[in-house]
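Spelled out, the chains give:
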Amino acid sequence: MQWGKLIYDKIYAWVKIAIAMLPNLVVAVLVLVLFVLIARLVKKLAFRLVSRLSDSPALAGLFSSVTYFLVFFIGLFIALDVLKLDKTVSSLLAGAGIIGLALGFAFQDLTANFISGIYITFRKPFEVGHQIETNGFTGTVENIQLRSTTLRTIDGLHVLIPNKDIFQKPIINHSLTPERRVSLTFNAPINNEQTAYARELIQRELSDLPHIASYKPCKVLFSNIDGANVKITVSCWVNNENVDIYDDTMHTLIKDVITVLKQNKLV
């Protein structure tokens, strides 16, 4: 009989508390439902806003999901507070902090890549289609994700570079560099009387060089004397529409200089 009375008293106490908490429970449920609806609305607005600021659907999806869960957890904590579960709220906050700290240490490289990807997306040091040079690779940007960037090199290879490495290393964006200097230095066995003639011949030969900037003609300078040889530096500014232009211009520059000097018996 004593056990039955104890069980009855316990159940009676629970029912009494449940009836007393029923209005709070109804309010808590309504608060939670309201914040779920608000979270969905905020998620859509955040997705549209980020989509206007950035061309990355992945970034827009990430920000919209973060805002959704942020609003949802605010509503959850308010609902728990209405139910007078203050200790539960404190435990959830403490647990979330510990879990976040542990995940931060465990996935610090992944987190660094995501943060770098967000920076690249917003600051746009390069975009899809740009030709860049970074981390020892040169190629065309084919895809920019939150974790990595895909390059198609001049050899036709696809390279995935973590965004953290791109963020921490220098980047040369050839697509944002309209002109590039091509320089060739070599020695020639010419004497003092031949220098002016050699300079005139080289400048005339290079006047029709392809891709040369029209308002920056090629320069021929004598930079040093090495015994019986004179050190000659030839520099030109070429249009930098494509990274291959530099290699093609250097090839043509060497070929034309050697040809004109041999034809005139200066080498």
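Anything mentioned here points back to the structure above.
Okay, so let's go over this structure.

About the criteria used
- Residues numbered from 1 in each chain as written.
- Predicted model: local features only at pLDDT ≥ 70, side-chain atom pairs only at ≥ 80, totals over all residues.
- Heavy atoms only, no water.
- Disulfide = S-S within 2.5 Å.
- Helix = DSSP H or I, 4+ residues; strand = E, 2+ residues; numbered from the N terminus.
- Buried < 20%, exposed > 50% of the residue type's maximum accessible area, 1.4 Å probe, protein only.
- Arc of directions from axis to C-beta.
- Contact = heavy atoms within 4.5 Å.
- Pairing = 2+ DSSP bridges.
- Axes fitted to C-alpha atoms, helices over the stretch in contact; angles between N-to-C directions.

1. Concerning the state of the cysteines
Next, step 1: Applying the stated rule across the entire model yields one disulfide.
Next, step 2: The disulfide partner of cysteine 218 is cysteine 236, and the S-S distance across this bridge is 2.1 Å. Taking the sign of the torsion about the S-S bond as the criterion, the disulfide between cysteine 218 and cysteine 236, at about 120 degrees, is right-handed. Here cysteine 236 lies in strand S8 (residues 229-239) and cysteine 218 lies in the loop between helix H6 (195-205) and strand S7 (219-226), a separation of 18 residues in the sequence. The two residues cysteine 218 and cysteine 236 agree in class, both being buried.

2. Here's the deal with H6
Next, step 1: Turning to H6, its buried residues are Thr195, Ala198, Leu201 and Ile202. In a view along the axis of H6, the buried residues occupy a sector of 130 degrees, so they form one face of it. Turned more than 90 degrees away from the buried face of H6 sit Ala196 and Arg204, all of them exposed.
Next, step 2: Where the residues of H6 are buried, they touch strand S6 (179-188), S7, S8 and helix H7 (243-263).

3. Looking at the sheet that holds S6
Within a sheet, each strand pairs with its neighbour through backbone hydrogen bonds, oriented either parallel or antiparallel.
Next, step 1: Taken in spatial order, the three strands line up as S6-S8-S7 in an open sheet, and their pairing is antiparallel. For this open sheet the edge positions go to S6 and S7, each flanked by a neighbour on one side alone. The mean angle between the axes of side-by-side strands here comes to 20 degrees, regardless of whether they run parallel or antiparallel.
Next, step 2: The pairing of S7 with S8 spans seven bridges and is antiparallel. When the sheet's bridge partners are listed, asparagine 224 is paired in S8 with lysine 231.
Next, step 3: Of the strands in this sheet, S6, S7 and S8 touch H6, which is tilted by about 140 degrees from S7.
Next, step 4: Along the sheet, H7 contacts S6 and S8; its crossing angle with S6, the most-contacted strand, is approximately 30 degrees.

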